[in-house]
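Reading the structure
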Amino acid sequence: MDHANDVNEIMKVRLQKLQDLKNMGINPFGDKYPYSHNSQQIKGNFVELENQKVKIAGRIMAIRGHGKAAFFDIQDDKGKIQIYIKKDNVSEDTFKLYNLLDIGDIVSLGGKVFKSKRGEITISLDMMKLLAKSLRPMPEKWHGLKDTDIRYRQRYLDLIANPEVKQTFLTRSKIISAMRRYLDENGFIEVETPVLSPIAGGAAARPFITHHNALDMELYLRIATELYLKRLIVGGFEKVYELGKDFRNEGISIKHNPEFTMMELYQAYADYKDMMELTENMVAHIAKEVLGTTKINYQGEEIDLTPPWNRMTMIEAVKHFTGIDFNSVNSDEEARRIASELHIEEVGNQDTIGKILNLIFEEKVEENLVQPTFIYDYPIEISPLAKKKEDNPRFTYRFEAFITRREIANAFSELNDPIDQRDRFLQQVKEREAGDEEAHVFDEDYVTALEYGMPPTGGLGIGIDRLVMLLTDSYSIRDVILFPTMRPKA
RNA sequence: GGGUCAUUAGCUCAGGCGGCAGAGCACCUGACUUUUAAUCAGGGUGUCGGAGGUUCGAGUCCUCCAUGACCCA
């Protein structure tokens, strides 16, 4: 990586031009200058604007010199537009300024709109002001910037050089704002709960630990917003949501970043079936609003987000894809034997039926779930915050939604029995003591809240980055996070 | 955590079997008043990711390290 004092030849030349400009009395970092239009407005309203004077500002992306005239391309927030400068049309100083310009410089300029011989909408320049001299060479114009190391560390260069990258992040913004609008219009209240907390609860994950100096205590970055949001349901809010970052201290992969964006919502007097409907309706609504359709393409596969989505219990799904019916599996030993026959290697000696069922599901079923599918009725062992099924206490009213083989949502009828919740936490503590660092932490204060009484509640979490990946046809989570977590460059 | 691949000019990339470091764009000099990957004539601007090793000689082979991508866990 270049440092400011690594001056290469190109930078030396540009620094000389900077000095030349100063010697001419031109401030190479001029004050703002108002613009009247952006590139898109000029191109979109050519009929009205032809021969009219406009002012525009942006970055020079190409210069095609012709001696006493030149064309250059200006890139602004909305796109590119061509500029024509002719010595006869401008002051001597302006033409001198043109001669000291480089690709990358930021300028504002004014002139008349016209169409060139080749039919390109162009501004015939009559005045120009330099707003920022660029001292470093831009990435190559034709191939763009490909080096992922530079693209992620210096995302600004990626955004300048690769228009499709900018488009992805524009779409990300639209998805998030469409989601907010959908929830707001459906009566949900957006709230903010602590990022720093003495207990990192609400999910099975290892937290980041930090230290508060004044209180001289360890604090954890949140791994979920769940337990705080449900306290608000206890407090009488009936529909709340939070959209923000969670932090999980785990590896980086094509679908994991240590900090990621999650939307969690909770609705009193609702259950997980309501959450299924909310999920499919909201995702379809967002797709329609942002992309104009619920039939999308992801990495070459057609995905139909139109509700209703497929629904299968976990047992049904495992039976469908492996032929094994866990309804008739009644002992942990039998479950372990089946897992062994299926070559599921993660199964431990202490694992119970429910855990093994889930492992088989993850290994043999997930890879088949391309079209949107709700998998519901999760084993109780892996669902310590979800309500037990009345007719089968080995399972809970919980579902996850899968699209393109990836989990995109997790939801349940929330466990609101404080006595059961206490037992479940105790079970998690046992598992932690047995070595599972991802087991849930006992949150006594949360149990206290439940003891005051929480209405039946449906809760839902949607991974925003994965949703954005789906709707922007992005292969890696790093392509939808502006500044993904990277090791510092030595 | 393990494996595979990659790292060469500002960017995108070539460099057979170990023998003088290359191209396009960008940049510099000159020509050019409607071009658009402008064109034409010239110019190579480099710690070949880093440190060791083998060798008469290493971008190339070996070891370690760093960073990234992908696959696996």
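Chains are numbered independently. Their residues run from 1 in the order of the written sequence. Here chains are named by letter from A upward and ligands by number from 1 upward, in the order in which they appear as written. With the structure being a predicted model, the display of local features is reserved for residues of pLDDT at least 70 and the display and counting of side-chain atom pairs for 80 or more, all residues being used for whole-chain, interface and lining totals. No hydrogens and no water enter the side-chain calculation; it runs on all heavy atoms of the structure.

1. Describing the domain arrangement of chain A
Here chain A is described as being made up of domain 1 (9-138) and domain 2 (161-309 + 371-479). Boundaries between domains were set according to an automatic or database domain assignment. Distance from the C-alpha centre of domain 1 to the C-alpha centre of domain 2: 48 Å.

2. Re the pairing of strand β20 (residues 457-463)
Note on exposure labels: buried denotes an accessible area under 20% of the residue type's maximum, exposed denotes more than 50%, and partly exposed covers the range between, all computed with a 1.4 Å probe on protein chains only. Note on conventions: DSSP H or I runs of at least 4 residues are helices, E runs of at least 2 residues are strands, and numbering of each starts at the N terminus. Extensive coverage of β20 is indicated by the burial of seven of its seven residues. Neither face of β20 is exposed, since Thr457, Gly459, Gly461 and Gly463 on one face and Gly458, Leu460 and Ile462 on the opposite face are all buried. Two strands are said to pair when DSSP picks up at least two bridges between them. Relative to β20, strand β11 (residues 259-268) is paired through seven bridges, and the arrangement is antiparallel. Across the sheet, residue Leu265 finds its bridge partner in β20, namely Leu460.

3. Overview of the sheet that holds strand β3 (residues 79-86)
Ordered in space as β1-β2-β3-β5-β4, the five strands form a closed barrel in which the pairing is mixed. Along the sheet, successive strands turn relative to each other by an average axial angle of 55°, direction set aside. Two strands pair when backbone bridges link them, and strand β2 (residues 69-76) and β3 are joined in this way by eight bridges, in the antiparallel orientation. The residue bridging Asp76 from the neighbouring strand is Gly79, located in β3. The contact criterion used is simple: two residues touch if any of their non-hydrogen atoms lie within 4.5 Å. Helix axes are fitted to C-alpha atoms over the stretch in contact, other axes to C-alpha atoms as well, and angles between N-to-C directions run from 0 to 180 degrees. This element, helix α4 (residues 92-99), spans β1 (53-65), β2, β3 and β5 (121-132) of the sheet and lies at about 80° to β5.

4. Concerning the protein's contact with RNA strand B
Lining the immediate environment of RNA strand B, one finds 45 residues, of which Lys86, Asp88, Ser116, Lys117 and Lys141 sit closest. Between a sugar or linking oxygen of RNA strand B and a side-chain N or O atom of Asp149, the distance comes to 2.9 Å. For the surface near RNA strand B, the secondary structure elements donating two or more residues are α1 (9-23), β1, β2, β3 and α5 (148-153). Here the surface near RNA strand B gets five residues from one element, more than from any other, and that element is α5. To be near a molecule or strand, a residue needs just one of its heavy atoms within 4 Å of it. Between N or O atoms, a polar contact is any pair within 3.5 Å; within protein, one atom must be a potential hydrogen donor and the other a potential acceptor, and residues adjacent in sequence are included only when both atoms are from side chains.

5. Digging into helix α14 (residues 444-451)
For α14, the full list of buried residues reads Tyr446, Val447, Ala449 and Leu450. Projection of α14 onto a plane perpendicular to its axis shows the buried side chains occupying an angular sector of 155°, all on one side. By the N-cap criterion, in which a side-chain oxygen at the helix start approaches the backbone nitrogen of a residue two or three places on, α14 is capped by Asp443, the distance to Asp445 being 3.3 Å. Remark: Gly453 follows α14 within two positions and exhibits a positive phi of approximately 110°. The directions considered for the arc are those from the helix axis to the C-beta atoms.

6. What to know about the sheet that holds strand β9 (residues 217-221)
Pairing within the open sheet is antiparallel, and its three strands lie in the order β7-β9-β8. The open sheet has two edge strands, β7 (196-197) and β8 (209-212), and neither has a second partner. Across two bridges, β7 lies against β9 in antiparallel orientation. Looking across to β9, one finds that Ser197 is bridged to Tyr220.

7. What about the side chain of Glu280?
As for its position among the elements, Glu280 is in helix α9 (residues 272-291). Classification of Glu280 as buried rests on a relative accessible area of 4%. Among the polar contacts listed, one links the side chain of Glu280 to the backbone nitrogen of Trp309, at a separation of 2.8 Å. A distance of 3.1 Å separates the side chain of Glu280 from the side chain of Arg311, its partner in a polar contact. Beyond its immediate chain neighbours, meaning those up to four positions away, Glu280 contacts Leu305, Pro307, Pro308, Trp309, Arg311 and Phe374.

8. Some words on the nonpolar core
Among buried residues, the Ala, Val, Leu, Ile, Met, Phe, Trp, Tyr and Cys ones that are joined through side-chain atoms within 4.5 Å form a nonpolar core. Counting residues in each nonpolar core, the largest one holds 47 residues, and the members touching the most others are Met263, Leu305 and Leu460. When residues in this core are grouped by element, the largest group, nine residues, is from α9. Dropping the residues within four chain positions of it, Leu305 is found in contact with Glu280, Val283, Ala284, Ala287, Thr294, Ile296, Pro372, Ile403, Leu470 and Leu471. Counting 27 residues, the second largest nonpolar core, distinct from the first, contains Leu49, Ile74, Leu101 and Ile123.

9. Side note on the pattern of salt bridges
One side-chain nitrogen of Lys or Arg within 4 Å of one carboxyl oxygen of Asp or Glu is enough to make a salt bridge. Considering all chains together, one arrives at 37 salt bridges under this definition. Across the pair Arg151 and Asp158 runs a salt bridge, and its minimum N-O distance is 2.9 Å. Each member of the pair, Arg151 as well as Asp158, carries the same accessibility label: buried. Overlapping salt bridges, with partners in common, bring together Arg14, Lys17, Asp102, Asp105 and Lys133 in one network.

10. Quick notes on the packing of aromatic side chains
Stacked, edge-to-face and tilted are the three classes for Phe, Tyr and Trp ring pairs, Trp counted by its six-membered ring, which pair at centre distances within 6.5 Å; planes under 30 degrees apart are stacked, over 60 edge-to-face, the rest tilted. A full pass over the atoms with the stated rule returns 12 aromatic pairs. One aromatic cluster is present, formed by Phe71, Tyr84 and Phe114 through successive ring pairs. Comment: the charge-over-ring label is applied if NZ (Lys) or CZ (Arg) is within 6 Å of the ring centre and within 35 degrees of the ring normal. One cation-aromatic arrangement involves Arg231 over Tyr228; the distance from NZ or CZ to the ring centre is 4.8 Å.

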